[in-house]
Amino acid sequence: TSVDDFRTKSHELLIELDAATMGMMQLVSSRCVSGPVWEEATRRHHDAYEVWNTFLNVPESGASPDAL
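Summarised in this report is the structure supplied together with it.

About the thresholds
Residues numbered from 1 in each chain as written. Predicted model: local features only at pLDDT ≥ 70, side-chain atom pairs only at ≥ 80, totals over all residues. Heavy atoms only, no water. Salt bridge = Lys/Arg side-chain N within 4 Å of Asp/Glu carboxyl O. Helix = DSSP H or I, 4+ residues; strand = E, 2+ residues; numbered from the N terminus. Buried < 20%, exposed > 50% of the residue type's maximum accessible area, 1.4 Å probe, protein only. Expected span 1.5 Å × (residues − 1). Arc of directions from axis to C-beta. Contact = heavy atoms within 4.5 Å.

Summed over all chains, the structure comprises 4 salt bridges. Among the ionic pairs, R44 bridges to E16, the shortest N-O distance being 2.7 Å. Linking R44 in helix 2 (residues 36-56) with E16 in helix 1 (residues 3-29), this pair joins segments that are 28 residues apart in sequence. When the shortest N-O distance is used, the salt bridge between R43 and E40 registers 2.8 Å. In this pair, R43 and E40 both sit in helix 2, 3 residues apart, roughly one turn of the helix. What makes E40 partly exposed here is its relative accessible area of 44%.

Given a rise of 1.5 Å per residue, 27 residues ought to cover 39 Å, and the 38 Å separating the end C-alpha atoms of helix 1 matches this to within 8%. When helix 1 is considered as a whole, its buried residues turn out to be K9, S10, L13, L17, A20, M24 and L27. Within two residues after helix 1, R31 carries a phi angle of roughly 60 degrees, on the positive side.

Look at R31: it is not a glycine, yet its phi comes out positive at around 60 degrees. Inspection of the secondary structure assignment puts R31 in the loop between helix 1 and helix 2. R31 sits in the exposed class, given a relative accessible area of 78%.

On to helix 2. Under the 1.5 Å per step criterion, the end-to-end length of helix 2 is 30 Å for 21 residues, consistent within 8% with the ideal 30 Å. Among all positions of helix 2, only W38, A41, A48, W52 and F55 are buried. Projected down its long axis, helix 2 carries its buried residues within an arc of 130 degrees, all on one side. Next to the buried residues of helix 2 lie helix 1.

So, in structure tokens, the structure goes:
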């Protein structure tokens, strides 16, 4: 994967992680930290973080980060 490909995918994943974090923080500031909306927000954040972490920690054995 080229540096430009890495930057593009990294940027895409960080945008989603940032949006998920902001969504949670908005719920915290509105004191909505339980119930289905909160559960969906925490799931979104967790999933975004997991995808980001997997992308950064791809084994060097030739696996492609594009497989995500």
